[in-house]
Amino acid sequence: MLDRYIFILLLTVFIVLTAVFCVKSGQSKNHKLWRAHVMLGATSVALLANAVVVMSQFPTLSYVFYAVYYATFDVAVFFFLRFCTEFTGTRKIHPTRLLVLKILIIIDSILCFANIFVHFYFTISQHFINGENYYKPTFLAPYYFHVAISTFMILSSVAILIIKLFNSAHIYWDKYGPILILVILMTALNMCHGSFGWATDKSVLIYALVVLGIYRNAIIYSPDELVHSAMMTFASGLNDALAVVDCDENCIYANELARTLLGLQKGDLDGTDLLHNWCGGKKCIDTPDFVKYVDFKLDEKSEDKPRHLKIYYRRMIDTHGRFEGSTFQIRDLTDEINHIEQDKYRATHDSLTGLYNRDWFTILCENEFKKNPYNDYVMVCLDIGNFKFVNDLFGPQVGDQVLNSIGEEIVKRAYPEDIYGRMENDHFAILMHRDRFEISQFEETEEKMSGVLEDLNFPLTIYVGAYHVTDKTIPISVMCDRAHMAIDTVKGKAGKTIAVYTEDIRASRLKRQDIISGLDAAIENGEIKIYLQAQTDYEGKSHGAEALVRWGREDGSMVYPNEFIPVLEDSGAIAKLDMRVWELACIELKKWQDAGIDDYYISVNISPKDFYYIDLYKHFTGLVKKYGIPAKKLRLEITETAIMMNLNRQLEVISSLRNAGFIMEIDDFGSGYSSLNMLKDIRVDVLKIDMAFLGKSDDDIRSRDILEYIVGLARTLDMDVIVEGVETKEHLEMMKSMGCETYQGYYFSKPIPVDMYEEQYM
Ligand code: C2E
Ligand code: CA
Ligand code: CA
């Protein structure tokens with residue numbers, strides 16, 4: 001009694017559930033589930049039919065509903081098989097096989113219903129079990145056709161599930177395992193039902209459970225473990241450190257990065273103090289979400305620089321608004337920030353000395369002026385006089401070492417408010433308060449620095465130029481230029497290395513620029529002229545003259561060579577001027593030659609710089625050829641300084657010019673750093689000695705002796721001597737007594753215009 005009603009009760013529950021799930025799965029958007037849907041529908045009918053047969057008290061009713069039960073069972077099992085292939089992603093059943101299966105099921109169903117009339121499948125007989133009346137089937141041989149079909153389909157489904165289960169990751173056991181177990185259980189119980197003669201078929205209940213299990217696993221299944229596993233993979237592969245804190249403030253998870261960064265142990269994730277601190281000491285539950293930047297050191301005492309962290313704090317709240325826990329996502333920005341800092345450092349500092357570079361120095365100075373418009377400043381620039389030689393002679397490494405030493409010296413002597421940097425090459429600049437600027441301090445620096453290359457026996461000259469910043473609106477580069485202008489005034493002058501800029505310096509600089517930029521036009525406009533200074537014998541008769549350049553300005557004023565020659569030599573433009581002068585001399589010689597006056601010569605000056613810019617041999621031979629004059633008429637004056645600059649090469653040039661017929665003269669002999677020995681190596685025709693250097697000596701007698709010796713030596717070497725600067729009768733007599741025969745000087749004539757010379761001496 002109890003057995004039947006409990007069974008029916010359970011069955012009813014399952015029927016209702018199955019029917020409900022059948023409807024629900026029908027509503028599901030997952031079209032793949034329609035087989036589960038049909039299966040649930042068929043199962044509902046099968047279960048219902050089974051309920052009827054269990055309750056039935058009439059044999060005919062039992063015949064009908066057993067037929068319904070077996071037929072719908074076939075349908076349900078068929079769709080279960082198809083569901084299993086779909087659910088496990090197994091290869092689809094071949095359409096032909098499917099068709100055969102469908103035909104067999106239809107035949108089986110027809111046979112089940114035919115059995116109502118012709119009892120060849122099973123017969124129904126009355127049984128008394130536990131005092132209750134049941135109508136139960138007794139199976140005849142043809143019924144095994146039905147058993148074969150359904151067993152085949154169930155075993156195929158079991159096989160599909162087993163294969164899938166063993167090929168799947170552990171987390172999927174939950175998905176396939178329960179269904180497999182239930183199907184096996186159902187089959188086993190079904191066999192028991194047959195063998196033990198139970199009143200009701202308990203396997204039907206398991207069958208219902210299988211179907212419900214399918215509903216759960218296929219329709220509402222959400223593999224939390226998979227999601228969890230995916231999250232863990234994601235968290236451990238994250239570029240950020242991640243820590244999770246539960247509602248009781250325990251750190252329950254930290255990925256590898258977080259463990260390293262925060263020093264958490266794997267087994268014991270006690271880092272909550274730290275995380276607490278980041279929450280401002282409050283409990284996580286009370287801390288709203290935040291993003292914050294912190295500088296963090298794992299070991300407060302360590303010397304390491306702190307790491308720069310960006311922390312994202314988020315609370316996890318469930319659907320009811322209750323606090324579940326919180327996450328700390330920690331991004332380590334240290335490398336990025338270091339890169340930015342390095343980039344900034346590189347952009348603002350000189351890589352060699354570590355001082356500020358020009359751009360940054362400029363910006364800092366400008367800011368300083370803006371901040372303190374009423375303070376007085378001095379812009380001090382340093383320049384190494386012979387730095388090029390340091391690089392050439394000892395290599396760039398030594399050069400770098402020198403620059404570094406200067407950088408260090410500047411840093412050592414700087415006051416905190418000074419701004420200093422390396423502007424380029426060997427140029428340094430310091431902006432300092434005016435009351436701090438003391439020349440003596442720089443003298444000390446210069447003294448110290450000049451000894452940097454003591455080991456190499458090379459004295460350095462450090463030039464210091466200062467500009468008192470009277471106008472803060474001019475660009476910083478102009479201030480530095482002014483300091484350098486001051487340096488230019490002392491460069492090359494013995495004993496002077498420090499200079500302060502004045503307006504005069506600027507005026508002379510402007511004049512300089514005027515000269516350089518005006519030269520081309522001057523040549524073009526005929527402003528460049530030659531004056532001739534006669535070279536005479538004792539009687540004052542002249543057969544030649546020195547051409548001396550004059551710049552006759554448009555306004556009629558005359559500019560003398562000492563005003564523009566040094567400037568042009570400095571800038572390299574001298575070659576242009578000299579070529580013009582030589583050409584003018586040739587024009588005169590040609591004119592004289594054409595007039596039948598052919599025993600006059602003109603001597604011209606060659607600047608030391610000309611050797612760099614002009615192929616002198618080619619130029620002079622070309623020139624005399626062009627004007628058709630004999631080479632010996634154009635005498636060439638070279639200073640001994642020019643010769644000494646590159647002795648071997650100059651000797652070559654001089655001898656080739658001599659071979660071409662030019663008369664070569666050494667100008668200003670004795671004033672440069674030549675030695676008398678030089679005369680033995682060099683073959684020239686004339687020595688020009690300037691009387692001026694006679695008077696310079698304190699010891700008149702001694703220098704007269706030297707002069708006499710030089711004249712004697714020249715004569716022995718078969719050279720002519722011309723004395724320059726003969727101003728008085730005494731000069732003349734003295735030089736005559738020494739054996740000189742050609743004189744040039746104010747005593748006879750100043751440099752005069754060409755036509756005057758022609759008038760006086762021809
Ligand atoms: P320098 O070649 O030694 O020329 C002689 C200079 O001495 C001339 O000065 C001349 O006027 C001056 N002088 C002549 N006699 C006397 C005298 O009795 N007493 C004194 N105190 N001075 C005398 P200038 O014309 O002013 O030329 C100066 C220097 O300019 C020349 O010295 C020469 O080095 C250079 N120079 C002149 N013309 C040219 C040129 O065309 N090219 C180059 N490269 N340099 C030139
Ligand atoms: Ca000369
Ligand atoms: Ca001279």
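The structure displayed is predicted, hence computed values, not measured ones. (Residues numbered from 1 in each chain as written. Chains lettered and ligands numbered in written order. Predicted model: local features only at pLDDT ≥ 70, side-chain atom pairs only at ≥ 80, totals over all residues. Heavy atoms only, no water.)

## A few points about the coordination of the calcium ion (ligand 2)
Counted only if it meets this: Note that water is not among the atoms used; donors are N, O and S atoms within 2.8 Å of the metal (3.2 Å for Na, K and Ca), so sites may look incomplete. Buried residues are those whose accessible area, probed at 1.4 Å on protein chains only, stays under 20% of the maximum for their type, while exposed residues exceed 50% and partly exposed ones sit between those limits.
Donor atoms from the polypeptide that coordinate the calcium ion (ligand 2) comprise Glu546 (OE), Asn605 (OD1), Glu637 (OE) and Asp667 (OD), at 2.1 to 2.3 Å from the metal. Sequence positions of the donors to the calcium ion (ligand 2) reduce to the motif E-x58-N-x31-E-x29-D. Of the residues examined, Glu637 reaches a relative accessible area of 1% and is grouped as buried. Overall, the relative accessible area of 6% leaves Asp667 in the buried class.

## Looking at the coordination of the calcium ion (ligand 3)
Going by this rule: A run of DSSP states H or I qualifies as a helix once it reaches four residues; a run of E qualifies as a strand once it reaches two. Both are numbered from the N-terminal end.
Looking at the metal site, the calcium ion (ligand 3) is ligated by Asp667 (OD), Asp668 (OD), Glu724 (OE) and Glu724 (OE), spaced 2.2 to 2.7 Å from it. Within one chain, the residues serving as donors to the calcium ion (ligand 3) are arranged as D-D-x55-E. Between the calcium ion (ligand 3) and the calcium ion (ligand 2), a separation of 3.7 Å is found, and both are coordinated by Asp667. One end of the pair, Asp668, is in strand S18 (residues 664-669); the other, Glu724, is in strand S20 (residues 720-724), and 56 residues separate them in sequence.

## Notes on a nonpolar patch on the surface
Just so we agree on the cut-off: To count toward a patch, a residue needs a relative accessible area over 30% and no salt bridge; like charges are then connected within 9 Å, while nonpolar side chains (Val, Leu, Ile, Met, Phe, Trp, Tyr) are connected within 5 Å. The Shrake-Rupley method, run with a 1.4 Å probe, gives the accessible areas here. Residue values count only the displayed protein chains as cover. Salt bridges are counted wherever a side-chain nitrogen of Lys or Arg sits within 4 Å of a carboxyl oxygen of Asp or Glu.
Nonpolar side chains collect at one region of the surface, where Leu99, Ile103 and Ile107 lie side by side and expose about 260 Å² of accessible area between them. Along the chain, the position of Ile107 falls in helix H4 (residues 95-114).

## Re the pattern of salt bridges
Under the defined criterion, the tally for this structure stands at 28 salt bridges. One salt bridge in this structure joins Asp332 and Arg307, with 2.7 Å as the shortest N-O distance. Pair noted here: Asp332 is in strand S7 (residues 323-332) and Arg307 is in strand S6 (residues 307-317), with a separation of 25 residues, a long-range link. The class of Arg307 is partly exposed, set by a relative accessible area of 31%. Of the charged contacts, one joins Lys412 and Glu409 as a salt bridge, the two residues approaching to 3.5 Å between their closest N and O atoms. Within this pair, Lys412 and its partner Glu409 are both found in helix H14 (residues 396-413), separated by three residues, close to a single helical turn.

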